[in-house]
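# Summary of structural features
One letter stands for each residue in the lines below.
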Amino acid sequence: MPDRSTGGAGLMGAPTGPVGEQSPSLNLPRVLGHHSLREQVSHALRAALIAGELRPGVVYSAPVLAAGFGVSATPVREAMLDLAKEGLVEVVRNKGFRVTELSEADLDHFTEIRALIEIPVVTGLARTASTPDLEALRPAAAAIVAAARARDLIAYVEADQAFHLTLLGLSGNPHLVAVVSDLRNRSRLYGLPSLADAGALAASAEEHVQLVDALVSRDAAAVEGLMRTHLTHVRSLWAGRD
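Because the structure is predicted, anything quoted here is derived from the model rather than measured. (Residues numbered from 1 in each chain as written. Predicted model: local features only at pLDDT ≥ 70, side-chain atom pairs only at ≥ 80, totals over all residues. Heavy atoms only, no water.)

In this section: helix H10 (residues 201-216). Taking 1.5 Å per residue as the helical rise, H10 with its 16 residues ought to reach 22 Å, and the 24 Å between its terminal C-alpha atoms agrees with that figure. The positive-phi residue at the C-terminal boundary of H10 is Arg218, with phi of around 60°. (Helix = DSSP H or I, 4+ residues; strand = E, 2+ residues; numbered from the N terminus. Expected span 1.5 Å × (residues − 1).)

Below is the structure:
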């Protein structure tokens, strides 16, 4: 598998076309496994958007992105059209897809809504979730830490997404999970590369292990504190804001 770390050389090669209309060098994963190519590419593109591998205002060519994934252009176009329907990118006729711009106020509002939902729901799970269900989250938490140590930002975002949505799923409310999933897809964590380069991302990732420990221990106060800290990081450290 090619190097996807922040220090890797990327898979795209040199940028082409004028500034703002190019497919610059990106660190994208090869698409493998049992899920459909469209689904895999869609997940990876969402993670790349969140981690800042795909930047607002830049037009990305489906064939060039496809080369990075090691697939044909068709599943990439299909996945990008899915993202366009969600408002995450816009179609640029005869050129490709441009990442939708989001204001700082938008990102603050998304995180505020997440906090209103996630903090009380996850805190409540310290009382209601079964111990086996909580213990089953440990491999997912470990995967986040492993991706952080490898400085693999796309894998980090994908593992983080899987962990939190699985955790929220223990509430038994699929509509709540869908709302938070949509809000998470609109997050922009542009501070992740600098944290990874500084070797600080792994320490931050350990919060997920601590959260599982607190949940299993039925320490609701600790769970609430960890969730508040975690969501604060979304708009501070992880967003590249002090």
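Of all residues in the protein, 83% have pLDDT values of 70 or greater, and the mean over the chain is 83. Within the protein, no element has a lower average pLDDT than helix H9 (residues 192-197), which sits at 82, and none a higher one than helix H5 (residues 131-135), at 98. (pLDDT = per-residue confidence, 0-100.)

Packing of helix H1 (residues 37-51) against helix H7 (residues 153-169) brings their axes to within 8 Å, and their N-to-C directions diverge by 105°. Between H1 and H7, the angle falls in the class roughly perpendicular. Taking contact as the criterion, the partners of His43, Ala44, Ala47, Ala48, Ile50 and Ala51 in H1 are, on H7, Leu153, Ile154, Val157 and Glu158. Tallied by class, residues from the contact of H1 with H7 come to eight nonpolar, one polar and one charged. (Axes fitted to C-alpha atoms, helices over the stretch in contact; angles between N-to-C directions. Parallel < 35°, antiparallel > 145°, perpendicular 65-115°, else oblique. Contact = heavy atoms within 4.5 Å. Nonpolar A, V, L, I, M, F, W, Y, C, P; charged D, E, K, R; others polar.)

Mapped onto the secondary structure, His230 falls in helix H11 (residues 220-234). Within the structure, His230 has its side chain in polar contact with the side chain of Glu207 (distance 2.9 Å). (Polar contact = N/O pair within 3.5 Å; in protein donor to acceptor, adjacent residues only side chain to side chain.)

The subject of this paragraph is the pairing of strand E3 (residues 96-99). Judged from the two bridges that link them, strand E1 (residues 59-60) and E3 form a sheet pairing that is antiparallel. If you follow Tyr60 over to E3, its bridge partner there is Phe97. The pairing of strand E2 (residues 89-92) with E3 spans four bridges and is classified as antiparallel. The residue bridging Glu90 from the neighbouring strand is Arg98, located in E3. (Pairing = 2+ DSSP bridges.)

Another aspect to go through is the pattern of salt bridges. Inspection of the entire model under this criterion finds eleven salt bridges. Taking the shortest distance from any N to any O, the salt bridge between Asp213 and Arg138 comes out at 2.8 Å. Of this pair, Asp213 sits in helix H10 while Arg138 sits in helix H6 (residues 138-149), and the two are 75 residues apart along the sequence. Asp197 is the partner of Arg151 in a salt bridge, and the nearest nitrogen-oxygen pair spans 3.5 Å. With a gap of 46 residues between them, Arg151 in the loop between H6 and H7 and Asp197 in helix H9 connect regions that are remote in the sequence. Residue classification places Arg151 among the partly exposed residues on the basis of a relative accessible area of 31%. Where salt bridges share partners, they join Glu135, Arg138 and Asp213 into one cluster. (Salt bridge = Lys/Arg side-chain N within 4 Å of Asp/Glu carboxyl O. Buried < 20%, exposed > 50% of the residue type's maximum accessible area, 1.4 Å probe, protein only.)

Let us look at the sheet that holds E3. Strand-to-strand pairing in sheets goes through backbone hydrogen bonds, with the strands running parallel or antiparallel. Ordered by their spatial adjacency, three strands build an open sheet running E1-E3-E2, and the pairing between neighbours is antiparallel. Of all strands in the sheet, those bounded by a partner on one side alone are E1 and E2. Most of the contacts of helix H3 (residues 73-85) go to E2, to which it runs at about 120°, and overall it touches E2 and E3.

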